[in-house]
Amino acid sequence: MNEFLLIFRRDFITKETQPSPEELQQHLQQWQNWFGSLAAQDKLARPLQRWDGQGKLVSSNKGITDGPFVEIKESIGGLIIIKAKDYEEAAEIAQGCPVLNFGGNVEIRMGV
């Protein structure tokens, strides 16, 4: 079994794409169900990690810019580390991620 990092991104800024309070409650329930399913299958290597909406970017010229970054609409909403045998299995797991229901995406990286 390998460990894979799943990074969840979506647009948290554009007002028109944000869920209503009711949709948000349903969405949170979907996350809880998904995490519960992963835990029951012993696929979670570590629990969910949440991040603030601020952030900073340090560039190659050592300049520091405050985030979120105006050049992009998507930002990281969280991450988990899962156990899977290969990228294909990790991608299958990622396809169940609730962030996809709101136009988000999941980046997958294998630990080396």
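This structure is a prediction, so every number in the text was calculated from the model and none was measured.

Draft legend 1. Summary view of the pairing of strand β1 (residues 2-11). In the sheet, β1 pairs with strand β5 (residues 74-84) via ten bridges, with the strands oriented antiparallel. What sits directly across from E3, in β5, is K83. Sheet analysis places β1 next to strand β6 (residues 105-110), joined by six bridges and oriented antiparallel. Bridge pairing in β6 places R9 opposite N105.

Draft legend 2. Quick look at the environment of G103. Mapping G103 onto the fold places it in the loop between α2 (87-94) and β6. On the basis of relative accessible area, G103 is assigned to the exposed category, the value being 58%.

Parameters at a glance
Residues numbered from 1 in each chain as written. Predicted model: local features only at pLDDT ≥ 70, side-chain atom pairs only at ≥ 80, totals over all residues. Heavy atoms only, no water. Pairing = 2+ DSSP bridges. Helix = DSSP H or I, 4+ residues; strand = E, 2+ residues; numbered from the N terminus. Buried < 20%, exposed > 50% of the residue type's maximum accessible area, 1.4 Å probe, protein only.

All we've got here are geometric facts, nothing functional implied.
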